[in-house]
Every structure is written in C-alpha cells, then in structure tokens.
Amino acid sequence: MTQIKTASPIRKRFGQNFLHDSSILERIVSAIDPQPGDAVLEIGPGRGALTAALLQRLERLVAVEIDRDLAAGLRAGFSPEQLELHVGDALDMQLADLGALPERGWRVVGNLPYNISTPLMFHLLGQVGAIHDMHFLLQREVVERMTATPGSKRYGRLTVMLAARAKAQALFTVPPGAFHPPPKVYSSVVRITPLAEPRVSEALYPTFARVVNQAFSNRRKTLRRGLSGLAEIADLEAAGLDPGERPENIDITGFEALARRIDHTEA
C-alpha cells in the first residue's frame, strides 16, 4: 500500500497529515469492509494511501480533493476507471451532484483534516438520507464528543445533533506516529451509521437545531438563562425539564420534547 509520489508541499491551511502506517491502513479497510459494487466516496484522499488500500477490494471509487497539486498526483497514480476524482471543497459538495443515488447509498470514508471535521460532519448529516455509512479518521477528541453521554465533559452540540440522525461508534485509536507530519494529538477511527428512522422528524428538525445550538452556545448557563428568548420557564417545565439544569445534562429526548413544545406554541 504505497502513496503517490508528489512534489506538492504540505499545506497547513488544509490541515494535511498524511497517513502512512500500513497496519493502520489495513485496520481501517477491514473496518469498512468494502464489498464489490459498493459506491464509496473518499473525502480528502491526499497522497492516495487509503485510496490504494480500498482499490485492492474495489474496482473503482469516487473521491473529492481540494488540493490541486495532490489531485494531479492522484490522476497520475490512478486511472480514470479506478478513480473518479472531483477537485473542490467537500464542504461545497452535494452528494446529488455525483449522479444517481446508489441503491444502497454512499459509503463515505476519509482521513479528515482536523480543521474541517466538525463542519463537514454537519454538512453530511444534512444529506444522511443518501448515505449508507461513514468511516472517518478524526482527532480523538472529536470522536469522544460524538460518542459522549449526557453529563460527561465532551457531551455537546455535536453529540446531540449526530444522535438525532445517526449512531456513532469509536473503533480504535491511532497514534501520531502513523502520520506525516505527526499531529500533536491522537486520532480515532469512527463508524457512523444513519438511523433507519431519525429520532427527530424533518418537520421538527429546524426548531430542534435552534434549541440545541442556543443551549450549547451558553453551556455554562442554566436552561432558564441560556434559552432566554427562545423558551419560557413554562415551556421547559412542560417538556419535563428543570429550568435550573445545564444543557450538558439533557439527553436528546429532552431537547426533542422542548423543540416540540416551542413548535406548538409558535404555530
């Protein structure tokens, strides 16, 4: 499993840390377990190490790469029959732009730059109906936030918004030495599987997002103070919530109940 040869410098603005450890690459591919016929989308293939590993099991895959120099190296290293490459920002990409929705949905994978991982996660969650599953290599702290439980230090907006549409499972930790250049933190591989039935309906989702966003923007404040202007004490109590509680102690059911109450009072 080799990476493409490229003279492209490492660009700090893209948060590039290239995975080179063959044993980690093998573990990631084993976790993904790609099957012939799967529609796989790789975000940020970089120098192609994971791309090459995946193509040992797949005839072709689709990828999006923002760095034009790296994209040139990928085109030189893989044939168009193997790799359908799109040059651009994954944050601007819509899965619908890639053509007809695959029968089983997209299997999205990638070693994501730390600086875009959270906004990209929210971007993809907005298209979760087109996704079969996602496997990402992320900063360990981000994965801890994704899989946190109410009352824990890492529990927050990302935890709740993800839980509304998908299930996250931390798979294994990756040390800094597996990358070039090595980051200053540990990474983790996470599997994200969309729920067959979202826990929050599409109709309620905008209000739910407003509640969660405002609550965790004021996470040190009580619900009474942090949600001022959006929810009254009567709304909190009607949703079964203690106005004196803080948002990190509220599970998704509580936020959903409050969103439903606000939706009802605003109607």
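Residues numbered from 1 in each chain as written. Predicted model: local features only at pLDDT ≥ 70, side-chain atom pairs only at ≥ 80, totals over all residues. Heavy atoms only, no water.

**Q** Let's hear about the overall build of the protein chain: which residues, and what values?
**A** Secondary structure assignment for the protein chain yields 10 helices and nine strands. Its C-alpha atoms give the protein chain a radius of gyration of 20 Å, within 12% of the compact-globule value 18 Å for 267 residues. Principal-axis analysis of the C-alpha atoms places the extent of the protein chain at approximately 65 × 40 × 30 Å. The buried share of the protein chain, taken over its 267 residues, is 51%. (Helix = DSSP H or I, 4+ residues; strand = E, 2+ residues; numbered from the N terminus. Rg over C-alpha atoms; globule rule 2.2 N^0.38 Å. Buried < 20%, exposed > 50% of the residue type's maximum accessible area, 1.4 Å probe, protein only.)

**Q** Provide a residue-level description of unusual backbone geometry, including the pertinent values.
**A** Omega for the peptide link from His180 to Pro181 comes to -10 degrees, which places this bond in the cis form. Residue placement: Pro181 occurs in the loop between strand 8 (179-180) and strand 9 (187-194). Backbone geometry at Asp33 places phi at a positive 50 degrees, although glycine is not the residue there. Using a relative accessible area of 38% as the deciding quantity, one classes Asp33 as partly exposed.

**Q** Now, about the pattern of salt bridges: what can you tell me, with residues and values included?
**A** Tallied over the full model, the rule gives 10 salt bridges. Close ionic contact of Arg107 with Asp38 constitutes a salt bridge, the shortest N to O distance being 3.0 Å. Here Asp38 lies in the loop between helix 1 (22-32) and strand 2 (40-43) and Arg107 lies in strand 5 (residues 106-111), a separation of 69 residues in the sequence. With respect to class, Arg107 is no different from Asp38; both count as buried. The partner of Glu256 in a salt bridge is Arg260, with the nearest N and O atoms 2.9 Å apart. Of this pair, Glu256 and Arg260 both sit in helix 10 (residues 252-266), four residues apart, roughly one helical turn. (Salt bridge = Lys/Arg side-chain N within 4 Å of Asp/Glu carboxyl O.)

**Q** Give a detailed account of the sheet that holds strand 5, specifying residues and quantitative values.
**A** The strand order across the open sheet formed by seven strands is 4-3-2-5-6-9-7, and the pairing between neighbours is mixed. Each edge of the sheet is formed by a strand with only one pairing partner; in this case those strands are strand 4 (83-87) and strand 7 (166-174). Neighbour-to-neighbour, the strand axes of the sheet open up by a mean angle of 20 degrees, direction not taken into account. As paired strands, strand 7 and strand 9 are joined by eight bridges and run antiparallel to one another. The residue bridging Gln169 from the neighbouring strand is Arg191, located in strand 9. Across the sheet, helix 3 (residues 68-77) lies against strand 3 (61-65) and strand 4, angled at about 165 degrees from strand 4, the strand it touches most. (Pairing = 2+ DSSP bridges. Axes fitted to C-alpha atoms, helices over the stretch in contact; angles between N-to-C directions. Contact = heavy atoms within 4.5 Å.)

**Q** Go over the pairing of strand 3 with me, naming the residues and quoting the values.
**A** In terms of residue burial, strand 3 counts as a mostly covered element, since five of its five residues are buried. Burial of strand 3 is two-sided: the residues Leu61, Ala63 and Glu65 facing one way and the residues Val62 and Val64 facing the other way are all buried. Since strand 2 and strand 3 lie parallel, the crossover through helix 2 (residues 49-54) that links them has a hand, and here it is right-handed. Two elements, strand 3 and strand 4, share five bridges in a ladder whose sense is parallel. If you follow Val64 over to strand 4, its bridge partner there is His86. For the crossover from strand 3 across helix 3 to strand 4, the handedness is right-handed. (Right-handed = clockwise from strand over helix to strand, strands pointing away.)

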